[in-house]
Amino acid sequence: MITATQIRGARAMTGMSIEQLAAAAGLPVATIETMERDEQEGDPHALLAVKQALEAAGIIFIASGNHDEGGPGVRLRARSCIDEGIRPENLNAANDD
């Protein structure tokens with residue numbers, strides 16, 4: 001499945017807080033904290049919920065042995081469309097936040 005290191009890395013890459021990941025996965029914050037701390041096998045249903053929540057946020061999990069060197073890892077999915085924001089010529093008081 002996925003490791004504690006992958007969960008921590010994926011959360012960091014997406015900018016999600018522990019609270020946000022817990023809400024997205026439908027789990028208590030304490031469960032996420034335990035999963036990130038403990039490299040032991042956790043509850044398979046909780047691991048799956050976390051994996052699915054992080055994948056929905058754009059994470060791709062890489063299993064050990066998929067590349068030349070290294071163990072399991074994570075990467076961000078390439079974005080299909082680029083948000084360029086508001087073009088300078090369109091800036092005005094109406095679109096101030």
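Scroll up to find the structure.
On a predicted model such as this, the values are computed, not experimentally measured, just so you know. (Residues numbered from 1 in each chain as written. Predicted model: local features only at pLDDT ≥ 70, side-chain atom pairs only at ≥ 80, totals over all residues. Heavy atoms only, no water.)

Asker: Mind showing me how you'd approach the nonpolar core here?
Answerer: What tends to happen in soluble globular proteins is that the nonpolar side chains get buried as a cluster. Counting residues in hydrophobic clusters, the biggest one holds 18 residues, and the most contacted among them are Ile7, Leu21, Ile32, Met35, Val50 and Leu54. Element by element, the count of residues in this core is highest for helix α4 (residues 44-56), at six residues. (Core = buried A, V, L, I, M, F, W, Y, C linked by side-chain atoms within 4.5 Å. Buried < 20%, exposed > 50% of the residue type's maximum accessible area, 1.4 Å probe, protein only. Helix = DSSP H or I, 4+ residues; strand = E, 2+ residues; numbered from the N terminus.)

Asker: What's the story with the packing of helix α2 (residues 18-25) against α4 in this structure? I'm lost.
Answerer: In a packed pair of helices, the relevant descriptors are the angle between the two axes and the axis-to-axis distance. Orientation of α2 relative to α4, taken along the N-to-C sense of each, is 105°, at an axis distance of 8 Å. When the axes of α2 and α4 are compared, the pair comes out roughly perpendicular. Side by side, α2 and α4 meet where Leu21, Ala24 and Ala25 of the first sit next to Ala49, Val50, Ala53 and Leu54 of the second. The residue inventory of the contact of α2 with α4, partitioned by class, reads seven nonpolar, no polar and no charged. (Axes fitted to C-alpha atoms, helices over the stretch in contact; angles between N-to-C directions. Parallel < 35°, antiparallel > 145°, perpendicular 65-115°, else oblique. Contact = heavy atoms within 4.5 Å. Nonpolar A, V, L, I, M, F, W, Y, C, P; charged D, E, K, R; others polar.)

Asker: Honestly, the layout of surface pockets in this entry has me stumped. Any pointers?
Answerer: Vacant regions in the atomic arrangement are exposed by a probe of water-molecule size rolled over the atoms. Put simply, the largest pocket is a space of about 200 Å³. Taken together, 15 residues form the lining of the largest pocket, with Asp38, Gln40, Glu41, Gly42 and Leu47 sitting closest to its centre. Taken together, the elements giving at least two residues each to the lining of the largest pocket come down to α1 (4-14) and α3 (29-37). In terms of residue count, α3 provides more of the lining of the largest pocket than any other element does, three residues in total. Residue composition of the lining of the largest pocket, grouped by class: six nonpolar, five polar and four charged. (1 Å grid on protein atoms, 1.4 Å probe; cavity = no way out; pocket = protein on both sides within 12 Å on 5 of 7 lines; lining within 4 Å. Points joined across faces, edges and corners; volume = space filled by probe spheres on them.)

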